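The primary structure of each chain is shown beneath.
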Amino acid sequence: MPAMNALQEDMATKFLIKYKTDFFFAIYSPFFVSLAAGNLDSQSFLHSISQEVHFLSAFAQAYKLAEECAGDDEDKSSIRKLRKRVNTKLKDYDALVREWGFELPAGSTPLAATAKYTEFLLATASGKVEGEKVPSKIATPFERIKLAAYTLGAMAPCMRLTATICKEIHRFLDSNHIYRKWVGYYCSENFEESTTQIEELLGQLSISLTGEELEVLEKLYLQALKHEVEFFCSQPIVQRTIVPVSRMQSPSDLHLTLFCDFDMTCTAVDSSSILAEIAIITAPKVDSSESGTQLTRMSSVDLRHTWGVISAQYVEEHDQCIESIIPSEKVESFSYEDLSKALAQLADFEKKANSRVVQSGVLKGLNLADIERAGQQLVFQDGCKEFFRKIAGDENIKTDMHIVSYCWSGDLIRSAFSPAEFDSLKVHSNELAYEGSISTGEMVRTVECPTEKVQVFSDIVENHNTEKQQLSVYIGGSVGDLLCLLKADIGIVIGSSPSLRRLGDHFGISFVPLFSGAVRKQKEVIEGGCPTWNRKPGTLYTVSSWAEIRAFILGC
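What you see is a predicted model; the values in this text were computed from it and never measured. (Residues numbered from 1 in each chain as written. Predicted model: local features only at pLDDT ≥ 70, side-chain atom pairs only at ≥ 80, totals over all residues. Heavy atoms only, no water.)

Undergrad: What's the story with the overall build of the protein chain in this structure? I'm lost.
TA: From N to C terminus, the protein chain includes 25 helices and nine strands. The dimensions of the protein chain, computed from C-alpha atoms along their principal axes, are 80 × 55 × 45 Å. Looking at the protein chain as a whole, 54% of its 556 residues are labelled buried. In the form shown here, the protein chain has an accessible surface area of approximately 25000 Å², with 50% of it arising from carbon and sulfur atoms. (Helix = DSSP H or I, 4+ residues; strand = E, 2+ residues; numbered from the N terminus. Buried < 20%, exposed > 50% of the residue type's maximum accessible area, 1.4 Å probe, protein only. Areas by Shrake-Rupley, 256 points an atom, 1.4 Å probe, with all protein chains shown as cover.)

Listed below in structure tokens is the structure:
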């Protein structure tokens, strides 16, 4: 096949890039975490791989139909080679499994998730595509090529998902790992070659599709991916597992308390800049409070200049403060007390910075309605709001949710999380003072520094009912979150700032990728033992997205 141009290459890979976060729901499944840890029950493993016969049979039929529809002889030849590989693997599957060190059961019935995917794939390959009319016969070459593209679009994500996850978990496997050969097969050059080839074919066959047809193709790709994820998530696992966190104990035994920072953890922009922008935009329109008390305000030009000066001064002095508390040499071992003492030096800095904001008058005259409107339109990090919405709507999870933030306006946070959807979420932040519904420029200051954040955290945890097993999770990414992150049972760092990393490294904090941490914890779960997230002091877990957090805590 000739090399694809940039446009074709984009089409072949854009779905993978767009939906790759869905992979987290499979890799954090009990199946893969237990497999990576080496303690997946062998019967569970055999039950899972016995389903592959049904997948292979469906793939062989789908390839045959796609080959018949492909217009180009070279495309037909490439699809034929892929079909031959599948047929060879299907024919020799028993021998291949024995090479992996196992014996397949005498027969297997398709799981519901297996049947759901194979039926979807064969229906697609037969032209029964949702949202499209089913022609009595596929008359034109373009219709045939379109159907071939649809078919490969329903196959490609399944192969890429398996290849990607097996490459990720392969690094955990030592030479004696019971499932090493199975994982190695899906990390092999041969399997990668087949996976890459089907993706290239998908790009080649998609080049003639219209915008509407490409939308159908994208829906098929996503649907196939979700079917494959559901397959791995639905595998029956007999042993106790560390994931998903919300279900590692029965709901009646576990109480989860979730804490989260707000600015740049939940949001894509800092709330202080939002409040300042509201003040600048509304300055010419508001000159008095609703109660009639005159509130002298700066012009929008003066406000913008003042805010620029305050912002620049904050950044410069914050960096200087961090530099002053970083020890000249890295500490030999982590000490929470030493870190706490060092971060106490931030308190004076943060409080002085807030005093400058109040004294400057930049927050004077803000209308509560404008703040609430801005909160409702606030841009969140991808997947953040969906995570909170999912956990708030699950009646089977006993959860308290808390936002702990330096934000100057709790009203902004509360309006960002609609009370109708998130009535159980509690906000702990500073508050603006009002006359009527107009800000006086003063601030009720309760959460200004790391020590005040951790005090909020500790008070909440200590007041919990102790009849159930308590588990606290803190999610954050700034220096102000460090003490809370380290105090929680599970401290998750997302989008961490360079200052947090640098400070953490110097004070002996270990930053461990969350999946690696989950695998290590799963290895500690002995037969009949109780999964627990008691961790080594000074250990924090890092993630790349909110989708990863959701997969870890809630599962599929």
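Undergrad: Mind showing me how you'd approach the packing of aromatic side chains here?
TA: A ring pair, where both rings are aromatic, is described by two values, the distance of the centres and the angle of the planes. For the structure on display, the rule yields 38 aromatic pairs. Measuring from ring centre to ring centre gives 4.9 Å for Y185 and Y186, while their planes differ by 85°; the resulting arrangement is edge-to-face. We classify Y185 as partly exposed; its relative accessible area is 25%. With a relative accessible area of 4%, Y186 lands in the buried category. Ring centres 5.9 Å apart and planes at 85° place the aromatic pair W307 and W408 in the edge-to-face group. In this pair, W307 sits in helix α15 (residues 300-325) while W408 sits in the loop between β2 (399-404) and α20 (410-416), placing the two residues 101 residues apart along the sequence. In this structure, W307 and W408 share a single accessibility class: buried. Feature note: the residues F31, F32, F55, F59, Y63, Y117, F120, F231 and F232 constitute an aromatic cluster, connected by ring pairs. In this arrangement the basic side chain of K453 is found over the ring face of Y406, its NZ or CZ atom lying 4.9 Å from the centre. One residue, R501, lies across the ring of F511, its end atom 4.5 Å from the ring centre. (Phe/Tyr/Trp six-rings, centres within 6.5 Å; stacked < 30°, edge-to-face > 60°. Lys NZ or Arg CZ within 6 Å of the ring centre and 35° of its normal.)

Undergrad: Please clarify how unusual backbone geometry should be interpreted in this entry.
TA: Negative phi values dominate among residues other than glycine, just as trans dominates among peptide bonds. A cis amide bond links V243 to the next residue, P244, at an omega of -15°. Despite not being glycine, M264 shows a phi value in the positive range, around 65°. Looking at where M264 falls in the secondary structure, it is placed in the loop between β1 (254-260) and α14 (271-282).

Undergrad: Explain the environment of F457 to me, please; I cannot follow it from the model alone.
TA: Its place among the elements puts F457 in helix α21 (residues 450-462). Sequence-wise, F457 and C158 are 299 residues apart; in three dimensions their C-alpha atoms are separated by 42 Å.

Undergrad: Any chance you could explain the layout of surface pockets here in plain terms?
TA: Here the idea is plain: a probe the size of a water molecule rolls over the atoms and shows the empty space left. Taken as a whole, the largest pocket spans an internal volume of roughly 900 Å³. Forming the walls of the largest pocket are 34 residues, and the residues nearest its centre are D270, S272, Y314, E350 and Y406. Residue assignment for the lining of the largest pocket shows that the elements contributing at least two residues are α14, α15, α17 (345-360) and α21. Examining the composition of the lining of the largest pocket, we find that seven residues originate from one element, α15, more than from any other. Looking at the lining of the largest pocket residue by residue, the class counts come to 14 nonpolar, 13 polar and seven charged. (1 Å grid on protein atoms, 1.4 Å probe; cavity = no way out; pocket = protein on both sides within 12 Å on 5 of 7 lines; lining within 4 Å. Points joined across faces, edges and corners; volume = space filled by probe spheres on them. Nonpolar A, V, L, I, M, F, W, Y, C, P; charged D, E, K, R; others polar.)

Undergrad: How should helix α16 (residues 336-343) be read in this particular structure?
TA: Because an α-helix packs 3.6 residues into every turn, residues spaced three or four apart end up facing the same way. The set of residues buried in α16 consists of Y336, L339, A342 and L343. The arc enclosing the buried residues of α16, seen along the axis, measures out at 125°, which places them on a common side. Projecting away from the buried face of α16 at angles above 90 degrees are the exposed residues E337 and K341. (Arc of directions from axis to C-beta.)

Undergrad: Would you explain the pattern of salt bridges in this entry?
TA: Between side chains of opposite charge, pairing is possible as soon as their charged atoms come close. Within this structure, the stated rule accounts for 25 salt bridges. Two residues, E193 and R85, come together in a salt bridge whose shortest N-O distance is 2.9 Å. Of this pair, E193 sits in helix α12 (residues 189-205) while R85 sits in helix α6 (residues 73-91); the two residues are 108 residues apart in sequence, bridging distant segments of the chain. Overall, the relative accessible area of 41% leaves E193 in the partly exposed class. Note that K521 is salt-bridged to E524, the shortest N-O span being 3.5 Å. In this pair, K521 and E524 are both assigned in helix α24 (residues 514-524), three residues apart and thus about one turn of the helix distant. Overlapping salt bridges, with partners in common, bring together R160, K167, E192 and E199 in one network. (Salt bridge = Lys/Arg side-chain N within 4 Å of Asp/Glu carboxyl O.)

Undergrad: For this particular structure, what's the right way to read helix α18 (residues 368-376)?
TA: When we look at burial in α18, the residues that qualify are D370, I371, A374 and G375. Buried residues of α18, seen end-on, are gathered within an arc of 140° and therefore sit on one face of the element. Those residues of α18 hidden inside the fold are in contact with α14, α20 and β4 (431-435). Structurally, the start of α18 carries an N-cap: the backbone nitrogen of A369 is 2.8 Å from a side-chain oxygen of N367. (Contact = heavy atoms within 4.5 Å. Polar contact = N/O pair within 3.5 Å; in protein donor to acceptor, adjacent residues only side chain to side chain.)

Undergrad: For this particular structure, what's the right way to read the state of the cysteines?
TA: Note on terminology: disulfide describes a covalent bond linking the sulfur atoms of two cysteines. On inspection of all chains with the given rule, the structure shows one disulfide. Residue C233 pairs covalently with C556 via a disulfide, S to S 1.7 Å. Of the two residues, C233 is situated in helix α13 (residues 211-233) and C556 in the segment after α25 (546-554); the sequence distance between them amounts to 323 residues. Overall, the relative accessible area of 46% leaves C556 in the partly exposed class. C449 supplies the cysteine sulfur nearest to C484, a cysteine that is in no disulfide, at a spacing of 10 Å. Looking at C484, the relative accessible area reads 0%, which means it is buried. (Disulfide = S-S within 2.5 Å.)

Undergrad: Explain the packing of α14 against α15 here, please?
TA: Remark: α14 packs on α15, axes separated minimally by 9 Å, with the N-to-C direction vectors making an angle of 160°. Classified by the interaxial angle, the pair formed by α14 and α15 is roughly antiparallel. You can see that α14 and α15 cross each other, and the crossing is right-handed. In this structure, α14 contributes S272, S273, A276, E277, A279 and I280 to the contact, and α15 contributes S300, L303, R304 and W307. (Axes fitted to C-alpha atoms, helices over the stretch in contact; angles between N-to-C directions. Parallel < 35°, antiparallel > 145°, perpendicular 65-115°, else oblique. Left-handed = near helix turned anticlockwise from the far one by under 90°.)

Undergrad: I'm lost on the pairing of strand β5 (residues 438-444) in this one. Help?
TA: A regular strand carries its side chains on alternate faces of the sheet. Within β5, five of the seven residues are buried, leaving the element largely enclosed by the surrounding structure. Bridge count between β4 and β5: four bridges; the pairing is antiparallel. Note that in β5 the partner of E431 across the bridge is V444. Here β4 hands over to β5 after two residues, with G436 in that stretch at a positive phi of 65°. (Pairing = 2+ DSSP bridges.)

Scope: geometric values only; no functional claims are made or implied.
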